[in-house]
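# Chains, contacts and geometry: an overview
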Amino acid sequence: MPTTPSSAAETPAAPRPRRTLRRTGRRDGDVWIAGALRAVATVTLLVLAGILLVLMDNGVGAFTGAGDIAVGSLTDAERALLHERELAQLARVEAARPTLGRVFASASWNPTSTHAPAWGVLAMVVSTLGVTALAMGIAIPVGVGIALWLAWVAPAWAREAFKPVLELLAGVPSVVVGFVGLVLIGPVIARVFGLPNGLNALHGAILLAWMALPTIVAVSEDALRAVPHDYVRASLALGADRWQTLVRVVLPAARGGVLAACMLGVGRAIGETMTVLMATGNAVALPHGPFDSVRTLTATVAIELGEVTVGSTHYRMLFVVGLVLFLITLVVNVLAERFVRGGRA
């Protein structure tokens, strides 16, 4: 019997089966992955806290004189075993013990002096920040420009050919970069600017820019390629040319990722050791220009840590240098987080 419209309207609809939330294998897998990531994050924080505690423990010992021989604590028998010259030397070392003013307000670093040891890290801090700023002044414009070209201008074949080159640059060891700088870049700098040698801040900055460039390009390109194509079409439809679209639409839309790439490059440059050790000349003095020889914080630790007496003031002062470097890196990361959040906003 055919169904009439009225009878079809009166027929109640079959109830839909109720879906129950059951813990499936995929949900269990998500729980395990979240737990593993949480455990890795906890271990990372504990390791960082341990590094900070070790640096602070040894660094505080440099200011309190832990491990040093104090003249006033010597017994009469111990004084009798020492010559007057040795006692005078111990007194001078005790009088020149590191203080906050002598460490952070002085540019003189001469820990091996038997007359008046100097512990100033100001020149090394300025050198580290100066070389990093020079390197980023080279790497950021070049890196972001290459990323824009790869993401929106380059043909597919050029993009595929350029990617292996970037990966190859990222995989070059720092000591090889320093050797290439000594053989090729340093002599060119000396010849072009009329210098006696090429061991200066500019040389180190060029090599650091080379090492930071792959990171900046890779991260910036990913951020630029994530910009919706509708933005580009709308800009072109409003009459903007391709260059205006890239600079005024695409780049501002990806500024969060580009800023993150730049900060990753800064962190790469600040923490580099062998390249700056080989290329900058390692003169502990306040630099007055890019052609001055400098020594960074990382180079100081690498040069001197293997030659000092464990527990001495010099040994502990190298931990103070490491602590300063740790704090600079922490400040850079905090600023990077603020910049990235502001860029995404």
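Okay, so let's go over this structure.

What counts and what doesn't
- Residues numbered from 1 in each chain as written.
- Predicted model: local features only at pLDDT ≥ 70, side-chain atom pairs only at ≥ 80, totals over all residues.
- Heavy atoms only, no water.
- Helix = DSSP H or I, 4+ residues; strand = E, 2+ residues; numbered from the N terminus.
- Buried < 20%, exposed > 50% of the residue type's maximum accessible area, 1.4 Å probe, protein only.
- Patch = residues over 30% accessible without salt bridge, like charges linked within 9 Å, V, L, I, M, F, W, Y side chains within 5 Å.
- Areas by Shrake-Rupley, 256 points an atom, 1.4 Å probe, with all protein chains shown as cover.
- Salt bridge = Lys/Arg side-chain N within 4 Å of Asp/Glu carboxyl O.
- Core = buried A, V, L, I, M, F, W, Y, C linked by side-chain atoms within 4.5 Å.
- Contact = heavy atoms within 4.5 Å.
- Axes fitted to C-alpha atoms, helices over the stretch in contact; angles between N-to-C directions.
- Left-handed = near helix turned anticlockwise from the far one by under 90°.
- Nonpolar A, V, L, I, M, F, W, Y, C, P; charged D, E, K, R; others polar.
- Parallel < 35°, antiparallel > 145°, perpendicular 65-115°, else oblique.

## Some words on the side chain of Thr-128
By the secondary structure assignment, Thr-128 is in helix α6 (residues 122-153). With a relative accessible area of 3%, Thr-128 lands in the buried category.

## Quick word on a nonpolar patch on the surface
On the surface, Val-43, Leu-45, Val-47, Leu-48 and Ile-51 cluster together into a nonpolar patch covering about 440 Å² of accessible area. Along the chain, Val-47 falls in helix α2 (residues 25-64).

## So, the nonpolar core
Grouped together as the largest cluster of nonpolar side chains are 56 residues, with contacts concentrated most on Met-136, Trp-152, Leu-224, Val-250 and Leu-297. Listed by contribution, the elements that provide at least two residues to this core are α2, α6, α9 (201-225), α11 (242-253), α12 (255-270) and α15 (313-344). Once residues lying within four places of it in the same chain are set aside, the contact partners of Leu-297 are Met-124, Val-125, Thr-128, Val-321, Val-324, Leu-325 and Ile-328.

## What about the packing of α6 against α9?
The N-to-C vectors of α6 and α9 enclose an angle of 35 degrees; their axes lie 6 Å apart at closest approach. As α6 runs across α9, the sense of the crossing is right-handed. The class makeup of the residues in the contact of α6 with α9 is 25 nonpolar, three polar and two charged.

## Comments concerning the packing of helix α7 (residues 156-170) against α9
Here α7 crosses α9 at 140 degrees, and the two axes come no closer than 8 Å. With respect to α9, the axis of α7 lies oblique. When you trace α7 past α9, the crossing you get is left-handed. Counting all contacts with α7, which are made through Arg-159, Lys-163, Leu-166, Leu-169 and Ala-170, the residues of α9 involved are Trp-210, Pro-214, Val-217, Glu-221 and Arg-225. Its residues assigned to classes, the contact of α7 with α9 shows six nonpolar, no polar and four charged.

## A short note on the pattern of salt bridges
A full pass over the atoms with the stated rule returns four salt bridges. Residues Arg-233 and Asp-230 are paired through a salt bridge, measuring 2.9 Å at the closest nitrogen-oxygen approach. Here Asp-230 and Arg-233 lie together in helix α10 (residues 229-237), a separation of three residues that amounts to about one turn. No difference in accessibility class separates Arg-233 from Asp-230, as the two residues are exposed. Put simply, Arg-268 and Glu-272 hold a salt bridge, and the shortest N to O gap is 2.8 Å. The exposure class assigned to Arg-268 is partly exposed, which follows from its relative accessible area of 31%.

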